[in-house]
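Fold and geometry: a report
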Amino acid sequence: MKASILALAVAAAAATGAWADDAYPSKEIQGIIQWGAGGSTDTVMRAVTPHAAKALDGNIVMQNKTGGVGAIAMRYVQSQKADGYTLLMGAENPQMYKVLGLGTDDYSDMIPISVLARGVPIFVANNDAPYDNMAEFVEYAKANPGEVRVGSTGPGGLTSIVLAMLTSQADVEFTRVPFDGDGPALTALQGGALDVMPAVLGAAIEGVKAGRMKVIGLVDVEENPLLPGVEPITAALPGMSDYLPWGPFFGVFVKKGTPDPVVAELQAAYAEGAQNEDFRKLMADRGFTIMAIAGDEAMEFLDGYRSVSSWLVYDAGFAKKSPEEFGIARP
Amino acid sequence: MDALLAFLTVFTHPELLLLVGLGTFAGVYVGAIPGLSVTMAVSILISFTFSWDVLPAISLMIGIYMGGVYGGSRTAILLNIPGAPSAIATAMDGYPMAQRGEAGQAIGVTTVMSFFGGLIGIAVLALAAPAVSDFALSFQPRDYMLLAILGILLVGSLSTGSLVKGIFSGSLGLAIGAVGLDPLTFTERFTFGVPLLQGGISFIAVMIGMFGVSEALIQLQHVNSAAVRQKIDRIVPSWDTVKKHLPLSMQTSFIGVIIGALPGTGGDIAALMAYDHAKRVTKKPSRPFGKGAIEGLVAPETANNAAVGGAFIPMMTLGIPGDAVTAIMIGALFIHGLNPGPMLMVTQPDMFWVIVGALVTANAFMLLFGLTGIRLFTKIVELPRAVLIPLIMLLSIVGAYAVNNSVTDVYWMLGFGVFGYFMRHYGYPLGPVILGVILSRLLDDNWRRAIISDREDLGAFFHGILTSPLSLVLTVAVVLIFLSQTPLWRAAIGRLGQRRHRHAAG
């Protein structure tokens, strides 16, 4: 009872503007997760947010708002007040909205609270596939154009960009079978409906460990501790180093115009939350590289991602608009 | 020995037992409210149980899951509003029973049969998980497509009266399911340039509107007629009743396990397929289907609860979710530091047996909570209409809003409610609409996957169907079921019968 009176008083005070921003957070904060429950974005956000909420001494309630490759969630957050009470918890997808014509905003229209982590893409193949590394795979694909069935998660998705990188380096042709997400595609790979799938390391690692599929390429510039003995893709295709390191990422964002002290408080809270041992272990197990960057550093990373991906997609011919229209510079 | 100990973990730890019980109880009621789904409840629980140990967290989730799948039948029987998509088939014979004053009996049969189905599902999970998951993995996109076609042929059983009207309803459902950004290529379909339509039409909103609001509108016409008095003397079905339906419930349970184990199909499709199966194999139902046949309750309820055990099969053996709820549970296991995947059974076999134990416990609690409190529940139907109708409207609005916290969904729900009212008025069945929406994406996505895989070569596509035993079996099933719904079949059977008759006579 006492608590509810207090809450009422707080609400009244907030409504009359009697309390300044230093009372943040004075009410529940809403976290809008761009992807569905159980997915990578969801797992990462639900793992880090309780620690951030503790650091903030507040309450962050998360809900999933899916649809439109995450554009629905972003549109929702952008339609709320810029008061720091609505957070967007998203993945890399919005950085492609403009060139793909999926939305009018991307992360450059928001303030990064924290870019938490980055994933490493890998190529996995069905165990029966007659190739074991990138060089053999490229050779096979060249000799049998269109025969290799590769899973695809839609234009702008990780697979489309990684394949665009590959086709910019080697003249290969695939049959691209669309799946809604890397989970279902990896399932299909194990069942033999697909031959090869570019996926984020964390999504495939358990299947690889159990021997249900094999890694044929690591899309990074250096070896990964989770995949000892797998050489980076730049060994077979040195030209790839122009684009790398590149990878999907997870971040927390607020609407532009959110007061600076609120942004600072949220940034500090998520920076502290990302230091939590459990969270770090979870990320390491799933093969994600913790970044936990904010401010200019985050902006720089986000711009780099957007520029590489947008131009790759544009050059590969499936962008609806030129990155130039939005002032996105070539990498 | 270790396995047995792990299996008994839940029974030997009072706090786990309590959590499973609590979860099941909550699940029954969450499941009963249309729009409040198990998926939603379990995803809320992920943050709620974040700081707990893994076992209590999983115990609670399993309880909610088991209870919730069953709970959907309550409102389906009492109010003709399925609490969850998997209870759509339950409404078709459950509600007519309630209208005859047999709601208590209907709930009793439903509960016992759900328990039975749940048990079969768990037994298959415990005894044959690796084999079933390998079988489930062998389903190619074209097999999923064939499964969807098989599903669409159910329109015949879900339509009472005119088949043409049923086909219209089914096609409408397929079209509704196609609205929005196409998930494979992100192309806009049927959006007419309206951004609101990009996200598609919430299938739960359609379901609640079509069943809930239209029911309220229909009842408005008889607002002054007295409510049916409910007989509640015979709640627990007699042993004879159970025994009589044992063969059918075994068959429908296995349908449930397999459909549940397939990643990409779940309890909703399983229940509808089981209903169809029951209609086909039951020669003499207790009453005609659609008018309160017990078989029409037995089939979907065994199947959707068996699908729970089924959904755990790929989750535990491969780390692949069997449905939306197990997808969230996989996320929960990750957060709690486990690595669900094919290695989980090898590195932590105990976890598997603890989950099986928790499922058995939840299933037992479901029986307990299901058979108690029926008296109170049946009172709902005896409420005066002037109270009942606003109550249905309230439930429908809350439910539609709760799915995505979106007011738009409430408008969709109301719109489809009014539309559903007119459909009922002119004798268009509503079941096929929902069937169409459920199957729309399964059919569309997998057809495209299948034909793209074969490089858009129809010859290669049919070659694939003919050379894969699984695809061939499914195709034969599709053809037979299709033929059995045409007059041709009846004529052939008739002639065959005559000939046999003549032989016997001669």
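Reading the values: the criteria
- Residues numbered from 1 in each chain as written.
- Chains lettered and ligands numbered in written order.
- Predicted model: local features only at pLDDT ≥ 70, side-chain atom pairs only at ≥ 80, totals over all residues.
- Helix = DSSP H or I, 4+ residues; strand = E, 2+ residues; numbered from the N terminus.
- Buried ≥ 20, exposed ≤ 12 C-beta atoms within 10 Å, placed from the backbone.
- Contact = placed C-beta atoms within 7 Å.
- Nonpolar A, V, L, I, M, F, W, Y, C, P; charged D, E, K, R; others polar.
- Core = buried A, V, L, I, M, F, W, Y, C linked by C-beta atoms within 7 Å.
- Domains from an automatic or database assignment.
- Pairing = 2+ DSSP bridges.

Looking now at the overall build of chain B. The number of helices and strands found in chain B is 25 helices and two strands. Referenced to the eigenvectors of the C-alpha coordinate spread, the extents of chain B come out at roughly 65 × 65 × 65 Å. Out of the 506 residues in chain B, the part that is buried amounts to 57%. Partitioning the intrachain contacts of chain B with sequence separation of at least 6 by distance along the chain shows that 78% fall at a separation of at least 24.

Of the residues lining the interface, 37 residues belong to chain A; the matching set on chain B comes to 41 residues. A total of five residues in the side of chain A that touches chain B trace back to one element, the largest contributor, which is helix H2 (residues 40-56) of chain A. Residue composition of the side of chain A that touches chain B, grouped by class: 14 nonpolar, 13 polar and ten charged.

Quick look at the nonpolar core now. Counting residues in hydrophobic clusters, the biggest one holds 266 residues, and the most contacted among them are Val-124 of chain A together with Met-61 and Ile-355 of chain B. At 18 residues, the largest contribution of residues to this core is made by helix H7 (residues 103-137) of chain B. Split by domain, the residues of this core number at least three in each of domain 1 (27-118 + 247-326) and domain 2 (121-242) of chain A. Among all residues touching Ile-355 of chain B, those that are not within four sequence positions of it are Ile-58, Ile-62, Phe-312 and Met-316 of chain B.

Turning next to the pairing of strand S8 (residues 196-200) of chain A. Residue and element names in this part refer to chain A. Counting buried positions along S8 gives five out of five residues, so the element sits mostly inside the fold. The two faces of S8 match: Val-196, Pro-198 and Val-200 on one face and Met-197 and Ala-199 on the other face are all buried. Sheet analysis places strand S5 (residues 121-125) next to S8, joined by five bridges and oriented antiparallel. Note on S8: the bridge partner recorded for Phe-123 is Pro-198.

Okay, the domain arrangement of chain A next. Residue and element names in this part refer to chain A. Partitioning chain A into structural domains gives domain 1 (27-118 + 247-326) and domain 2 (121-242). One C-alpha centre belongs to domain 1, the other to domain 2, and the line joining them spans 26 Å. Listed by partner, the interface residues are 16 residues for domain 1 and 16 residues for domain 2. Considering each element in turn, the side of domain 1 that touches domain 2 owes the most residues, five residues, to helix H11 (residues 295-316). Class assignment for the residues of the side of domain 1 that touches domain 2 results in nine nonpolar, five polar and two charged.

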